[in-house]
Amino acid sequence: MACSSISRGCLLLLLCFAWVGDAEYIKYKDPKQPVNTRIKDLLGRMTLAEKIGQMTQIERSVASADVMRKYFIGSILSGGGSVPAPQATPAIWVNMVNEFQKGALSTRLGIPMIYGIDAVHGNNNVYNATIFPHNVGLGATRDPDLARRIGEATALEVRATGIPYTFAPCIAVCRDPRWGRCYESYSEDHKIVQQMTDIILGLQGEIPVNQTKGVPYVAGKDKVAACAKHFVGDGGTHNGINENNTIVDEHGLLGIHMPPYYDSIIKGVATVMVSYSSLNGAKMHANHDLVTGYLKSKLHFRGFVISDWLGIDRITTPADANYTYSVQAGINAGIDMVMVPFNFTRFIDDATSLVNKRIISTSRIDDAVSRILRVKFTMGLFENPLADLSFADQLGKKEHRELAREAVRKSLVLLKNGNTPDQQFLPLPKKAKRILVAGSHASNLGYQCGGWSIEWMGGSGDITAGTTILDAIKSTVGESTPVVYSENPDDSFMKNNDFSFAIVVVGETPYAETLGDNTDLTILDPGPDTIRNVCLRVKCAVVIVSGRPVVIEPYLPLMEALVAAWLPGTEGQGVADVLFGDYGFTGKLSRTWFKSVDQLPMNVGDPHYDPLFPFGFGLAVNSSQPGFSDAKSHGDKKEITVFVTLSLLLSMMLTFDLGIGIFQHRAALL
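Residues numbered from 1 in each chain as written. Predicted model: local features only at pLDDT ≥ 70, side-chain atom pairs only at ≥ 80, totals over all residues. Heavy atoms only, no water.

Enquirer: Would you take a moment to explain the sheet that holds strand β5 (residues 227–231) for this structure?
Expert: Whether parallel or antiparallel, the strands of a sheet pair through hydrogen bonds between backbone atoms. If you trace the 3 strands from one edge of the open sheet to the other, you get β5-β7-β10, paired in parallel fashion. One side of each edge strand has no neighbouring strand; the edge strands of this open sheet are β5 and β10 (304–306). The sheet shows a mean angle of 25° between the axes of neighbouring strands, direction not considered. Note that strand β7 (residues 271–274) and β10 share 3 bridges and pair parallel. Residue Val272 lies in a different strand from β10, and its bridge partner there is Val305. (Pairing = 2+ DSSP bridges. Helix = DSSP H or I, 4+ residues; strand = E, 2+ residues; numbered from the N terminus. Axes fitted to C-alpha atoms, helices over the stretch in contact; angles between N-to-C directions.)

Shown next, in the form of structure tokens:
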């Protein structure tokens, strides 16, 4: 009897061990299993609450480990300027991200959350990060390889803060510079935007040769998930009004605004963000035909679709007029993850109720969650959910700043150089009796970086670590050459000083989104007065720091040289490199430069095309230094020759029309 009892006990013990062994093997936790197998296994284990939690993205200011645990939150973001502490170090960022992540991992199924940030020109929210030129400048480089390398550097600096996801790149095709987000667009020409989607390969990694089209790809811990935005037509809104209506036929939609998405999807982009704007009156956040019917079904996009900030709220007019309807319309249109970002319990409650009432189908929820899980599995979040400080030294790294400096050099577009083609003003001599630097943007790093820099709207002054254009000039000229800075010198100052030449740096103040919409497109006051006061008294080069073309024609006769520097970011040394001839000018306009805002919208190919400087214009000036190689063009030599010839002809035409004004103005003054 005793023997029999022992045998039964042993058998039960063996069965218990066998059962525990089986229980410990969970398919979705096995990285050797195919991604689709892992998705199916995990999805089958999830409750409705866990699924809707995965579809919810909240702002870091309302997040905590307890919130992550209680509501099964799938994602957190930092909005523009939302940081754990002023001038936070990588360690502070990593600790914050990990605290949230530990809350997510402590849930029943341990699904890691994904943290996102708007690293749109470098990890620009983060103090001491390298801030690269905005996209409008990168478009002027015509250099996809440069974009890819910037993507690589940005991925490392984002990972330095423990973050694995960026809401970039913006692949809008801006058709009207009055739009407040035009600097986020590489060009008015979709072909250039398509080329520059190579930044995705830098952010996410080079896509394998046998990769299935539409399936997201993120190579490893040193890469980040990217986000193509804003789907679709955001750059074509009526009169350039942000979040407005894009009126376009099918040919225009598919021929202008859609092509960059083809390229992004082929390159394995992990996510796509929906636009605030409407298309022919239909809100994109509720546009089932395009989000599900075209993006997912026709283009075979297999990553997840994310809303913009409060994007579903704005489906109604006014915003938030019927939130329950907005949740229904947005999710049924095909949005998988909703950037709530604050009142997440309301979203969760409404989404749950709509599913229970069968207004939103279970299959739609499962599709959304499958897509979110696919991205998380693909990027290795389940295997490496917690961040560490192994990339901390990548933030603001010297090599990244040198890359940004290269990008600045290549993005500069020379629009005028001398009043006749055979009397060029640039490059400037490094040895001079006395140099004047003037203008509101010469010694202002915040103005130089523009919007989406430390704060959402950008800022003024020393917002982060970097080199102003003034400091760059001082470090470039000869040791015995004095550089005098006066932000807005008056007539008396100019009369009482003797300068060899002047550099005037003026432009726009920082802005973002709707607050950047502008029907005037004028230079910030007192910029025009600064140009007049300085350039009437001494030969000058004017540098425009702006996110788009601005009104410049009235002042063109006064200046010897005009340079479009766009929004160069933290590395102002790149501007001085080219002004003083260490490198040549190679940039070409990625946007048409208008004569008057009355001409807008005006894009290359339009019947009424009559620009001040046409799309593709850019005077090519070689370096004055021996051994120069940075200005090598990637284009065809014949094309370059024709381009330079046309550029010189246009310069002569401008001189004929406007150049006489120089002598008239100066004669009148004297």
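Moving on from the model shown.
Enquirer: Sorry if this is basic, but what is going on with the packing of aromatic side chains here?
Expert: In the structure shown here, the tally under the stated rule is 12 aromatic pairs. Here a set of aromatic residues connected by ring pairs shows up, and it is made of Tyr28, Phe377 and Phe382. One residue, Arg314, lies across the ring of Tyr276, its end atom 4.2 Å from the ring centre. When the ring centre of Tyr583 is taken as reference, the NZ or CZ atom of Arg409 above it lies at 3.7 Å. (Phe/Tyr/Trp six-rings, centres within 6.5 Å; stacked < 30°, edge-to-face > 60°. Lys NZ or Arg CZ within 6 Å of the ring centre and 35° of its normal.)

Enquirer: What's the story with the environment of Tyr276 in this structure? I'm lost.
Expert: Note that Tyr276 resides in the loop between β7 and β8 (278–279). According to the relative accessible area criterion, Tyr276 is buried, its value standing at 7%. Setting aside residues no more than four positions away along its own chain, Tyr276 makes contact with Glu243, Lys283, His285, Asp308, Trp309, Leu310, Gly311, Arg314 and Glu513. A polar side-chain atom of Tyr276 sits 3.5 Å from a polar atom in the side chain of Asp308. A polar contact is formed between the side chain of Tyr276 and the backbone oxygen of Trp309, at a distance of 2.4 Å. (Buried < 20%, exposed > 50% of the residue type's maximum accessible area, 1.4 Å probe, protein only. Contact = heavy atoms within 4.5 Å. Polar contact = N/O pair within 3.5 Å; in protein donor to acceptor, adjacent residues only side chain to side chain.)

Enquirer: Looking at this structure, I do not really get the packing of helix α2 (residues 35–45) against helix α15 (residues 362–378). What am I missing?
Expert: Interhelical geometry of α2 versus α15 gives an angle of 130° and a closest axis separation of 10 Å. Comparing the axis directions of α2 and α15 gives the class oblique. Here α2 and α15 pass one another in a crossing that is right-handed. Side by side, α2 and α15 meet where Val35, Asn36, Arg38, Ile39, Leu42 and Leu43 of the first sit next to Asp366, Val369, Ser370, Leu373, Arg374 and Phe377 of the second. Here the residues of the contact of α2 with α15 are counted per class, giving 7 nonpolar, 2 polar and 3 charged. (Parallel < 35°, antiparallel > 145°, perpendicular 65-115°, else oblique. Left-handed = near helix turned anticlockwise from the far one by under 90°. Nonpolar A, V, L, I, M, F, W, Y, C, P; charged D, E, K, R; others polar.)

Enquirer: Explain the nonpolar core to me, please; I cannot follow it from the model alone.
Expert: In summary, soluble globular proteins display a tendency toward joint burial of nonpolar side chains. In this structure, Leu42, Tyr115, Phe231, Leu290, Ile306, Phe347 and Leu373 are the most contacted members of the largest nonpolar core, which totals 115 residues. Core analysis: the next-biggest nonpolar cluster, separate from the first, contains 75 residues, Leu414, Ala502, Ala541 and Phe580 among them. (Core = buried A, V, L, I, M, F, W, Y, C linked by side-chain atoms within 4.5 Å.)

Enquirer: Please clarify how the pattern of salt bridges should be interpreted in this entry.
Expert: Once the charged atoms of two side chains with opposite charge are near each other, the side chains can pair. Counted by the stated rule, this structure contains 39 salt bridges. Note that Glu188 is salt-bridged to Arg591, the shortest N-O span being 3.8 Å. With a gap of 403 residues between them, Glu188 in the loop between β4 (165–166) and α8 (190–196) and Arg591 in the loop between α21 (573–579) and α22 (637–669) connect regions that are remote in the sequence. Among the salt bridges present, the one from Asp367 reaches Lys296, with a minimum N-O distance of 3.4 Å. Here Lys296 lies in helix α12 (residues 288–298) and Asp367 lies in helix α15, a separation of 71 residues in the sequence. The exposure class assigned to Asp367 is partly exposed, which follows from its relative accessible area of 27%. One network of salt bridges, with partners in common, ties together Asp143, Asp145, Arg148, Arg149, Glu152, Glu206, Glu406 and Lys410. (Salt bridge = Lys/Arg side-chain N within 4 Å of Asp/Glu carboxyl O.)

Enquirer: Explain the sheet that holds strand β13 (residues 435–438) to me, please; I cannot follow it from the model alone.
Expert: Sheet architecture is open: 6 strands sit in the order β12-β17-β16-β15-β13-β14, paired in mixed fashion. Of all the strands in the sheet, just β12 (413–417) and β14 (483–486) have a single pairing partner and so form its edges. Here the strands of the sheet are splayed against their neighbours by 15° on average, with no regard to which way each runs. Strand direction decides the pairing type here: β13 and β14, joined by 4 bridges, are parallel. Within the sheet, the bridge partner assigned to Val437 lies in β14 and is Tyr485.

Enquirer: Explain empty space enclosed by the protein here, please?
Expert: With a probe scaled to a water molecule rolled over the atoms, the places where space remains empty come into view. For the structure shown, the criterion picks out 7 cavities of 30 Å³ or more. Together, 16 residues line the largest cavity, and Arg159, Gly162, Asn384, Leu386 and Ala387 are the ones closest to its centre. Grouping the constituent residues of the lining of the largest cavity by class yields 9 nonpolar, 4 polar and 3 charged. (1 Å grid on protein atoms, 1.4 Å probe; cavity = no way out; pocket = protein on both sides within 12 Å on 5 of 7 lines; lining within 4 Å. Points joined across faces, edges and corners; volume = space filled by probe spheres on them.)

Enquirer: Looking at this structure, how should I read the state of the cysteines?
Expert: Structurally, a disulfide amounts to a covalent bond that connects the sulfur atoms of two cysteines. In the structure shown here, the tally under the stated rule is 2 disulfides. Note on cysteine connectivity: Cys174 is disulfide-linked to Cys182, with sulfurs 2.1 Å apart. On the S-S bond that ties Cys174 to Cys182, the torsion sits near -105°, and the link is left-handed. For the pair Cys174 and Cys182, one class covers both residues: buried. Each disulfide of the protein joins two cysteines, and with those cysteines numbered along the sequence the arrangement is 1-2, 3-4. For Cys170, which is in no disulfide, the shortest distance to another cysteine sulfur is to Cys174 and amounts to 9.2 Å. Left unpaired, Cys227 is separated from the closest cysteine sulfur, that of Cys170, by 9.9 Å. (Disulfide = S-S within 2.5 Å.)

Enquirer: So what exactly am I meant to see when it comes to the side chain of Asp263 here?
Expert: With respect to the helices, strands and loops of the structure, Asp263 is situated in helix α11 (residues 259–266). Among buried Asp, Glu, Lys and Arg side chains, Asp263 stands out as unpaired, with Lys267 the closest opposite charge at 4.4 Å. Of note is the side chain of Asp263, whose polar atom sits 2.7 Å from the side chain of Gln194. (Lys, Arg positive; Asp, Glu negative; His and termini not counted.)

Enquirer: I tried to follow unusual backbone geometry on my own but got confused; where do I start?
Expert: Excluding glycine, residues mostly have negative phi values, and the peptide bonds linking residues are mostly trans. The residue after Phe231, namely Val232, is reached through a cis peptide bond having omega -10°. For Val232, the position within the fold is in the loop between β5 and β6 (245–246). Looking along the chain, the bond that leaves Thr317 and enters Pro318 is cis, with omega of 0°. Among the secondary structure elements, Pro318 is positioned in the loop between β10 and α13 (323–333). The backbone of Arg142 sits at a positive phi, close to 55°, despite the residue not being glycine. By secondary structure assignment, the location of Arg142 is in the loop between α6 (135–141) and α7 (144–159). Backbone geometry at Asn239 places phi at a positive 60°, although glycine is not the residue there. Residue position: Asn239 is located in the loop between β5 and β6.

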